[in-house]
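Each chain, letter by letter, is given below.
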Amino acid sequence: MLSSKRILLIIGGGIAAYKSLDLIRRLRERGAAVTPVLTRAAEEFVTPLSVSALASEKVYGDLFDLTAEAEMGHIQLSRSADLIVVAPATADLMGKMAGGLANDLASTLLMATDTPVLCAPAMNVRMWEHPATRRNLKQLQADGVCFVGPNEGDMACGEYGPGRMSEPLEIVAAVEAQFAAGPLVGKRVLVTSGPTHEPIDPVRYIANRSSGAQGSAVAQALAELGAEVIFVTGPADVPPPSGVQVVPVETAQQMSDAVDAALPVDAGVFAAAVADWRVASASDKKLKKSRDGLPVLEFAENPDILKRVSRMENGRPPLVVGFAAETDDVIEHATAKRLRKGCDWIVANDVSPATGIMGGSENAVILISDSGAEEWPRMGKAEVARRLASRIADALAG
Ligand SMILES: Cc1cc2nc3c(=O)[nH]c(=O)nc-3n(C[C@H](O)[C@H](O)[C@H](O)COP(=O)(O)O)c2cc1C
């Protein structure tokens with residue numbers, strides 16, 4: 001799948017550098033040639049010898065290496081690749097890239113190139129959430145740099161959260177997506193999916209029956225057409241598709257924040273079943289049975305993500321697609337919802353229990369746009385997703 005592709009792999013100085021050794025193997029298994037570049041700090045984590053042995057290529061590291069410069073100048077090195085992959089992309093490397101610094105071989109190559117760049121960030125959760133990293137990420141996305149990960153999970157430093165580098169096979173999928181041919185190549189699309197969980201106390205929550213199957217299928221169909229997909233998902237029953245950037249969230253507020261962090265995008269597909277309300281003051285201790293009677297829960301309104309994004313004055317995606325799960329008067333309710341929210345399209349469906357759609361494998365949708373309501377026959381969720389992705393591709397092309 002990657003035969004004859006040349007990947008320039010820049011390995012930054014983070015603990016996840018060890019995973020880049022496996023990444024080299026996986027890329028080469030698929031036929032890619034990998035030219036490795038190690039930063040000075042990366043050499044503290046992996047040895048040039050093991051990197052070179054796995055890549056079967058010389059390892060570059062020094063900007064002022066006369067021999068390397070005579071063999072292949074740094075400008076040529078930066079341009080001879082089909083794709084530059086930065087893995088791990090440390091906070092420092094991302095800062096240099098966003099700021100336009102070029103004070104070592106890796107950063108100079110990144111400045112001197114017009115080759116597409118894919119970053120796999122890896123850092124401590126606090127570093128990832130630091131305002132400087134948030135700014136750098138936004139800047140790099142605006143500059144056209146693509147990202148895979150980071151994932152959420154246990155970190156080498158003992159903390160938990162987003163910041164773990166994507167696994168080698170996830171990076172390979174993102175690399176393959178870069179070479180995918182399709183009408184959505186070069187387009188960045190956000191998809192929200194799944195239910196949200198709104199805590200009552202540390203062990204109880206309010207949820208809904210969304211399985212995430214339709215949102216996941218839409219994300220996969222968009223990725224298959226070549227889009228860079230940011231998949232913001234609540235706790236769904238189905239696994240996320242491969243080849244997309246997964247941002248796991250739990251609550252509506254977290255989903256809203258993740259959506260903001262993903263912008264700008266060319267299209268946003270809001271398939272998540274976001275809870276309208278949350279418990280106004282969730283208890284930080286487990287509620288106990290009490291002789292004084294039943295607990296009374298007060299609710300507060302959650303952010304209306306679809307409406308907020310649809311009505312953004314700056315940064316509104318050129319195409320905003322909402323979903324409407326209705327149980328009666330589907331077309332009438334969904335048409336009203338499109339106008340109320342201000343989105344371009346609504347994908348409406350009847351989720352009454354008798355339809356078996358919620359949690360099932362099929363869907364019967366009505367696409368509502370400014371040209372009216374278009375009823376699609378009942379079909380598998382993957383087929384609905386493919387049709388929708390193809391319509392999105394047509395809309396973004398036109
Ligand atoms: C044990 C250890 C682990 C580190 N892990 C990371 C990491 O995962 N991500 C990161 O951004 N920085 C990490 N750092 C800090 C970087 O090594 C440091 O910022 C370095 O300057 C990055 O260099 P680079 O730009 O060549 O990647 C770590 C440092 C140490 C000592």
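Residues numbered from 1 in each chain as written. Predicted model: local features only at pLDDT ≥ 70, side-chain atom pairs only at ≥ 80, totals over all residues. Heavy atoms only, no water.

S.K.: Where do I start with the packing of helix α1 (residues 17-29) against helix α9 (residues 168-178) in this structure?
M.R.: The geometry of a pair of packed helices is captured by two quantities: the angle between their axes and the separation between those axes. Relative to each other, α1 and α9 sit at 50°, their axes nearing to 9 Å. If you check the angle between α1 and α9, you find them oblique. The handedness of the crossing between α1 and α9 is right-handed. Together, K19, D22, L23, R26 and L27 of α1 and P168, L169, I171, V172 and V175 of α9 make up the contact between the two elements. Here the residues of the contact of α1 with α9 are counted per class, giving 7 nonpolar, no polar and 3 charged. (Axes fitted to C-alpha atoms, helices over the stretch in contact; angles between N-to-C directions. Helix = DSSP H or I, 4+ residues; strand = E, 2+ residues; numbered from the N terminus. Parallel < 35°, antiparallel > 145°, perpendicular 65-115°, else oblique. Left-handed = near helix turned anticlockwise from the far one by under 90°. Contact = heavy atoms within 4.5 Å. Nonpolar A, V, L, I, M, F, W, Y, C, P; charged D, E, K, R; others polar.)

S.K.: Explain the pairing of strand β8 (residues 188-193) to me, please; I cannot follow it from the model alone.
M.R.: Working note: regular strand, side chains alternate between the two faces of the sheet. The buried fraction of β8 is high, at 6 of 6 residues. The side-chain alternation of β8 yields two buried faces, one formed by R188, L190 and T192 and the other by V189, V191 and S193. Here 6 bridges tie β8 to strand β11 (residues 228-233), and the two strands are oriented parallel to one another. When the sheet's bridge partners are listed, T192 is paired in β11 with V232. (Buried < 20%, exposed > 50% of the residue type's maximum accessible area, 1.4 Å probe, protein only. Pairing = 2+ DSSP bridges.)

S.K.: Which parts of the structure should I look at to understand the site of the ligand?
M.R.: Taken together, 14 residues are adjacent to the ligand, and G13, T39, T90, A91 and D92 come closest. Here a nitrogen atom of the ligand and a backbone polar atom of I15 are 3.5 Å apart. Interatomic distance of 2.6 Å between a side-chain N/O atom of D92 and an oxygen atom of the ligand. Here the element with the most residues in the shell around the ligand is helix α5 (residues 91-99); it accounts for 3 residues. The residue makeup of the shell around the ligand, split by class, is 8 nonpolar, 5 polar and 1 charged. (Near = heavy atom within 4 Å. Polar contact = N/O pair within 3.5 Å; in protein donor to acceptor, adjacent residues only side chain to side chain.)

S.K.: Would you mind showing me how to read the sheet that holds β8 here?
M.R.: Pairing between sheet strands relies on hydrogen bonds along the backbone, with the strands arranged either parallel or antiparallel. Spatially, the 8 strands line up as an open sheet ordered β12-β11-β8-β13-β16-β17-β19-β20, and their pairing is mixed. The sheet terminates laterally at β12 (245-248) and β20 (372-375), the two strands that pair on one side only. This sheet shows a mean twist of 15° between the axes of neighbouring strands, independent of strand direction. Pairing analysis gives 4 bridges linking β11 to β12, with the strands arranged parallel.

S.K.: Would you mind showing me how to read the domain arrangement of the chain here?
M.R.: By a widely used convention, the size of an interface equals the accessible area lost when the partners come together. Partitioning the chain into structural domains gives domain 1 (1-179) and domain 2 (182-398). One C-alpha centre belongs to domain 1, the other to domain 2, and the line joining them spans 32 Å. Across the contact, 10 residues belong to domain 1 and 10 residues belong to domain 2. Contact between domain 1 and domain 2 buries roughly 910 Å² in total, counting both sides, with carbon and sulfur atoms accounting for 44%. When the buried area of domain 1 at its contact with domain 2 is split by residue, K138, Q141 and A177 rank highest and sum to 40% of it. Seen at the junction of domain 1 and domain 2, the total is 0 salt bridges. Elements with a contribution of two residues or more to the side of domain 1 that touches domain 2: α8 (131-142), β5 (146-147) and α9. (Domains from an automatic or database assignment. Buried area = accessible area lost by both parts, 1.4 Å probe. Salt bridge = Lys/Arg side-chain N within 4 Å of Asp/Glu carboxyl O.)

S.K.: Got a minute to help me understand the sheet that holds β5 in this structure?
M.R.: Read from one edge of the open sheet, 5 strands run β2-β1-β3-β4-β5, paired in parallel fashion. Edge strands, defined here as strands with exactly one partner in the open sheet, are β2 (33-38) and β5.

S.K.: Even after reading the chapter, I still don't get unusual backbone geometry, so can you show me in this structure?
M.R.: A negative phi angle characterises most non-glycine residues, just as the trans form characterises most peptide bonds. G149 connects to P150 through a cis peptide bond whose omega is 5°. Here P150 lies in the loop between β5 and β6 (151-154). Between L263 and the following residue, P264, the backbone shows a cis peptide bond with an omega angle of 5°. The topology assignment puts P264 in the loop between α11 (252-262) and β13 (267-270). Although it is not a glycine, S56 sits at a positive phi angle of roughly 55°. Its location among the elements puts S56 in the loop between α2 (48-55) and α3 (66-71). For D329, which is not a glycine, the phi torsion comes out positive at approximately 40°. Turning to its location among the elements, D329 is positioned in the loop between β16 (319-326) and α13 (330-341). Its relative accessible area of 46% is what places D329 among the partly exposed residues.

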